[in-house]
Amino acid sequence: MLAYWFMYLLPGFMAIALSHRHRIQSFRSMGWFWLIFVLFIGLRFEVGGDWGNYLRYYEMAYGEPLASLLSGRGDPGYVFLNWIAANNDWGMGFVNLVCAVIFMTGLISFSSKQPAPWLALTVAVPYLVIVVSMGYTRQGVALGLIFLALNWLEKRNLFWFLFYIVVAALFHKSAMLMVPLGFFITRGNWLFRGFVVISIAYGLWGLIVSDSYEAIWANYVDAEMKSQGALIRIVMNLAPALVLLLFRRQWLRVFPDGRFWIWMAFGAVAAVFLVSFASTAVDRVSLYLTPLQVVVLSRMPYLFRNRVTPQATTTVLVLGYAAVLFVWLNYAAHAPHWLPYRNLLFQ
C-alpha cells in the first residue's frame, strides 16, 4: 500500500510547492516522473483486477498466425502487441511496459500543458493511473492516446486529432465515441470537416465494431451488467462538470478554444441519469470523460485566483484526492487485486 501512497504524494507535494507558479511546464521537465511511473505501471506483476484475462491474451497469441488472431473479436492493436511479445518470448512485462509508455506519454503531455501541471498529474493518480492503467490495460492505452488527441483538438488540428483517436480505437473499440469531437474544430471548411469526421466514424464502425456490436449490446445492456462503484466514479466526473457549467462564461473568456469541454461536461451530467440503465456500459464510456477531472481541477487555481489563493485551492484538491485514494485502497471491493504491489524488478 505504501507504494501507491508514494506515487500519489510525489506529484502531490510538487503541486502544493509550485502552486504559486502559473506557467506551463515542458514535457521534458517532467521526464523523471514519466520514467518512474512507466516502470511502476509497466513492470507490475500479478497486479490488477483483470490480470488473468490479459494473461490469456498473451498465451493465446503464442504460435498463432497473426491473421487468425486479427479475425477474432479482440482489439487489433492490443492483439498485435501480444502477438509480437508472445512469439518473441518477451513476456507480459513487455506488453504492459509498452502500454505504460503510451499511457504516461499521453497523460504527461496533456498535463504539462495545463496551468498547474503537477496538480493535473496528482488528480490523475488515484483513478486514471492506479485503477485504469493498471487494471483496464486496453482502455488505459486508449485513454493515453485520447489525451494526445485532446492536445491537438485544442490546437484545432483535425488530422492529428483523428489520427490518435483511430489508433486509440484499435486498442479499445469504445474510443471511437470520441470521433464526433472533431466537429468542434472550427478551422477549415465545415463541409469538408464534417465529411472527414463522418467517414472516419463510419470506417471505424465497419472495421472494428460491426461484427461484434450485437454481442457488446447483449452483454452490457440487455444483460444489465452491473459495475461496482460505477456511480461513485461517475460522480467524480460530475463534480468538475458542474464547476465548469456554473462558471462556463469565465472559462470561455480564459480558454476560448475549450468549448468542447462544456459539451463533455453535459455528457458527465447525463451519465448520472443513465447509470441505472446499464451501469457497466455507462461506467466504461464515462472513462473517456475523466479528462474533465484533470483539465477542470488543474485550472481551478488559475480561474479562481482572484477569490481564493492558488495554494489554498491546490491544497484542498490534493487532500480531497488523497481521501479518494484512501477510501479506494481500504474499502473498494476489488482493491485486494492491487495489494500487495509487486514489481518484476524485485521478483
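What you see is a predicted model, and the numbers here were worked out from it, not measured in a lab.

Novice: Describe the packing of helix H1 (residues 2-17) against helix H17 (residues 310-331), listing the residues and the values that go with them.
Specialist: Running from N to C, H1 and H17 point in directions that differ by 170°, and their axes come no closer than 10 Å. By the angle class used here, H1 and H17 are roughly antiparallel. Every residue of H17 that contacts H1 at Tyr 4, Trp 5, Tyr 8, Gly 12, Ala 15 and Ile 16 is listed here: Gln 311, Thr 314, Thr 315, Leu 317, Val 318, Tyr 321, Ala 322, Leu 325, Phe 326 and Leu 329. Class assignment of the residues belonging to the contact of H1 with H17 gives a composition of 12 nonpolar, four polar and no charged.

Novice: Can you explain a nonpolar patch on the surface? Please cite residues and give values.
Specialist: Side chains of Leu 35, Leu 39, Leu 345 and Phe 346 sit close together on the surface and give an oily, nonpolar patch of about 440 Å² of accessible area. Secondary-structure assignment places Leu 35 in helix H2 (residues 31-42). Here Leu 35 falls in the partly exposed class, since its relative accessible area comes to 44%.

Novice: Give a description of helix H15 (residues 279-286) that names residues and reports values.
Specialist: By the criterion of burial, H15 is predominantly enclosed, with six of the eight residues buried. For H15, the complete set of buried residues consists of Ser 279, Thr 280, Ala 281, Val 282, Asp 283 and Ser 286.

Novice: Account for the pattern of salt bridges, naming residues and giving values.
Specialist: One pass over the structure, following the stated rule, counts three salt bridges. Across the pair Arg 138 and Asp 75 runs a salt bridge, and its minimum N-O distance is 2.4 Å. Of this pair, Arg 138 sits in helix H8 (residues 137-154) while Asp 75 sits in the loop between helix H4 (66-70) and helix H5 (76-86), and the two are 63 residues apart along the sequence. Here Arg 138 falls in the buried class, since its relative accessible area comes to 19%. Residue Asp 75 is classed as buried on the basis of its relative accessible area of 2%. Close ionic contact of Asp 75 with Lys 173 constitutes a salt bridge, the shortest N to O distance being 3.3 Å. Of this pair, Asp 75 sits in the loop between H4 and H5 while Lys 173 sits in the loop between helix H9 (158-171) and helix H10 (190-209), placing them 98 residues apart in sequence. Across the pair, exposure class does not vary: Asp 75 and Lys 173 are buried alike. If you follow the salt bridges from partner to partner, you end up with Asp 75, Arg 138 and Lys 173 in one network.

Novice: So what's going on with the environment of Gln 293? Residues and values would help.
Specialist: Relative to the helices and strands, Gln 293 resides in helix H16 (residues 291-303). It is 7.6 Å that separates the C-alpha atoms of Gln 293 and Met 236, two residues lying 57 residues apart in sequence. The contacts of Gln 293, once residues within four sequence positions are left out, are Val 123, Met 236, Asn 237, Pro 240, Ser 298 and Tyr 321. At 2.8 Å, the side chain of Gln 293 forms a polar contact with the side chain of Tyr 321.

Reading the values: the criteria
Residues numbered from 1 in each chain as written. Predicted model: local features only at pLDDT ≥ 70, side-chain atom pairs only at ≥ 80, totals over all residues. Heavy atoms only, no water. Axes fitted to C-alpha atoms, helices over the stretch in contact; angles between N-to-C directions. Helix = DSSP H or I, 4+ residues; strand = E, 2+ residues; numbered from the N terminus. Parallel < 35°, antiparallel > 145°, perpendicular 65-115°, else oblique. Contact = heavy atoms within 4.5 Å. Nonpolar A, V, L, I, M, F, W, Y, C, P; charged D, E, K, R; others polar. Patch = residues over 30% accessible without salt bridge, like charges linked within 9 Å, V, L, I, M, F, W, Y side chains within 5 Å. Areas by Shrake-Rupley, 256 points an atom, 1.4 Å probe, with all protein chains shown as cover. Salt bridge = Lys/Arg side-chain N within 4 Å of Asp/Glu carboxyl O. Buried < 20%, exposed > 50% of the residue type's maximum accessible area, 1.4 Å probe, protein only. Polar contact = N/O pair within 3.5 Å; in protein donor to acceptor, adjacent residues only side chain to side chain.

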